[in-house]
Amino acid sequence: MSTTPRISPGGLILVTGANGYIGSHLIDHLLKKGYQVRGTVRDATAQAWMTSHFGDKFSLVQVPDLSAPNALDEAVKGVNGIAHVASNVQFSPDAESFVPPVVQAAINVLEAAAKEPSVKSVVYCSSQAAMHRLNLNTPYELTADSWNDTAVEAAYKKDGAADMERMADVYSASKVLAERGSWEWVKKNQPHFVFNSVIPNVNFGGVVSLKHQGFRSSAGLVKALWDGYTLGTEVIQPQWCSYVEDTALLHIAALILPDVKNERVFAMAQRYDWVQILDLLKKLYPDHKFTLESLPDVGKDMGKVPTERSEELLRKMGKFGFSSLEEAIRKSVEPILEAEAAAEYPLTEMDRLMIAMKQQTPQE
């Protein structure tokens with residue numbers, strides 16, 4: 001079996017959603033491994049910091065709408081690999097308006113790649129939400145054939161309430177139909193490139209640039225606990241998680257390793273719950289004054305996920321395997337300590353929401 005990378009260092013990789021949590025870590029690791037990277041964002045002016053931050057091996061391309069016809073035809077020119085990481089995370093209860101653009105963007109990536117002879121591989125960043133509808137304290141087992149059809153059915157029910165559960169189902173439906181639609185497109189069209197998907201769940205860890213990104217996405221969940229808020233614990237149920245840099249490395253493995261073909265790669269290291277994470281924080285940072293003394297035990301994820309292949313791929317990428325939950329949480333706190341030392345940091349939507357909640361709390 002060949003050990004020559006499908007895409008050698010020096011090759012050009014296109015990353016959609018370049019300024020996102022996973023996307024920015026993916027770019028960081030690609031550059032460290034000697035690749036050139038072209039990143040797409042909705043607004044290149046707003047994300048201009050990325051060019052100076054990542055250096056001369058990185059370039060930025062503005063693509064306002066990935067679902068628009070031929071949206072990526074120019075961006076893919078000359079690239080050797082594509083990591084489609086961008087996805088709509090603005091939750092909505094309306095499946096009929098939310099889902100189709102997500103699916104079309106995924107198909108646009110494949111169609112653009114098919115037009116560009118230099119493309120050797122494409123990887124789609126999916127989600128555990130595409131495989132399974134969360135149900136605590138209920139055993140389940142994920143396989144490469146698992147699909148969250150329950151969420152798709154629930155998302156399109158006309159009588160569904162516009163609540164968090166429905167919005168979660170709509171988001172899940174978008175990931176199911178985008179990933180499955182991608183596999184169906186590949187099967188039908190038999191393109192010249194290799195296609196794989198990576199399936200992460202909750203990601204913990206630091207951020208690439210605190211100054212420009214703040215505590216975005218799931219990086220904000222640990223900060224909420226640190227600051228004494230239970231917002232994340234109430235919205236995000238216990239489930240599987242991974243260290244965000246491991247997730248990034250698995251995307252690279254799916255792009256460049258010659259033996260990774262037609263695979264759904266699980267970027268899930270272990271199960272977690274919020275009681276466990278609060279205990280870890282108190283153990284690691286005994287000098288911090290935690291306003292939360294404890295958290296209720298709302299239940300546990302009882303799923304089984306095959307992690308052996310992902311562990312093997314991480315070893316091929318130069319790691320011993322998945323990082324521990326303790327290491328991921330430690331990395332999550334590093335930017336919090338950095339922000340506290342600087343006494344300032346950019347407000348993210350998570351911060352603004354917590355400030356608003358605090359202002360609405362009656363003062364004793």
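- If you check an unreviewed UniProt entry, the chain appears there as NAD(P)-binding protein from Mytilinidion resinicola.
- Here the chain is described in UniProt, under the heading Sequence similarities (unreviewed entry), as follows: "Belongs to the NAD(P)-dependent epimerase/dehydratase family. Dihydroflavonol-4-reductase subfamily."

Regarding the sheet that holds strand β8 (residues 202-204)
Right, so step 1: Strand order across the open sheet formed by 3 strands is β8-β9-β11, with mixed pairing between neighbours. The sheet is open, and its two edges are formed by β8 and β11 (270-271), each paired on a single side.
Right, so step 2: Two elements, β8 and strand β9 (residues 240-243), share 3 bridges in a ladder whose sense is parallel. For valine 202, the partnering residue across the bridge sits in β9 and is cysteine 241.
Right, so step 3: The sheet strands contacting helix α9 (residues 244-256) are β8 and β9, and the helix crosses β9 at an angle near 80 degrees.

A few points about helix α11 (residues 308-316)
Right, so step 1: Of all the residues in α11, the buried ones are Ser310, Leu313 and Leu314. Looking straight down α11, one finds its buried side chains confined to an arc of 100 degrees; they lie on one side.
Right, so step 2: Looking at the buried residues of α11, the elements they touch are α9 and β10 (264-267).

Description of the nonpolar core
Right, so step 1: Grouped together as the largest cluster of nonpolar side chains are 70 residues, with contacts concentrated most on Val15, Ile27, Phe204, Ile277, Leu281 and Ile329.
Right, so step 2: For this core, the element with the most residues is α9, which contributes 9 residues.
Right, so step 3: The contact partners of isoleucine 277, leaving out residues within four places of it in the chain, are Phe204, Leu225, Tyr272, Leu325 and Ile329.
Right, so step 4: If you look at the next biggest cluster of nonpolar residues, it comprises 39 residues, including Val79, Ala112, Ala130 and Ala155.

With respect to the side chain of glutamine 128
Right, so step 1: For glutamine 128, the location among the structural elements is in the loop between β5 (121-125) and β6 (140-141).
Right, so step 2: Accessibility expressed as a relative area gives 2% for glutamine 128, which makes it buried.
Right, so step 3: Setting aside anything within four residues of it in sequence, one finds glutamine 128 in contact with Leu134, Tyr140, Leu142, Ile199, Pro200, Asn201, Gln239 and Met268.

Focus: unusual backbone geometry
Right, so step 1: A positive phi angle is found at glutamine 190, which is not glycine, with a value near 45 degrees.
Right, so step 2: Summarising the element assignment, glutamine 190 is placed in the loop between α5 (164-189) and β7 (194-200).
Right, so step 3: The exposure class assigned to glutamine 190 is exposed, which follows from its relative accessible area of 59%.
Right, so step 4: Phi angles above zero are rare outside glycine, and asparagine 262 is one such case at about 55 degrees.
Right, so step 5: By secondary structure assignment, the location of asparagine 262 is in the loop between α9 and β10.
Right, so step 6: Judged by relative accessible area, which is 55%, asparagine 262 ranks as exposed.

A word on the environment of threonine 45
Right, so step 1: Within the secondary structure layout, threonine 45 lies in the loop between β2 (36-41) and α2 (49-54).
Right, so step 2: For the pair threonine 45 and aspartate 259, spaced 214 residues apart in sequence, the C-alpha to C-alpha distance is 39 Å.

Calculation criteria
Residues numbered from 1 in each chain as written. Predicted model: local features only at pLDDT ≥ 70, side-chain atom pairs only at ≥ 80, totals over all residues. Heavy atoms only, no water. UniProt positions renumbered as here; feature names shortened; annotations may be inferred. Pairing = 2+ DSSP bridges. Helix = DSSP H or I, 4+ residues; strand = E, 2+ residues; numbered from the N terminus. Contact = heavy atoms within 4.5 Å. Axes fitted to C-alpha atoms, helices over the stretch in contact; angles between N-to-C directions. Buried < 20%, exposed > 50% of the residue type's maximum accessible area, 1.4 Å probe, protein only. Arc of directions from axis to C-beta. Core = buried A, V, L, I, M, F, W, Y, C linked by side-chain atoms within 4.5 Å.

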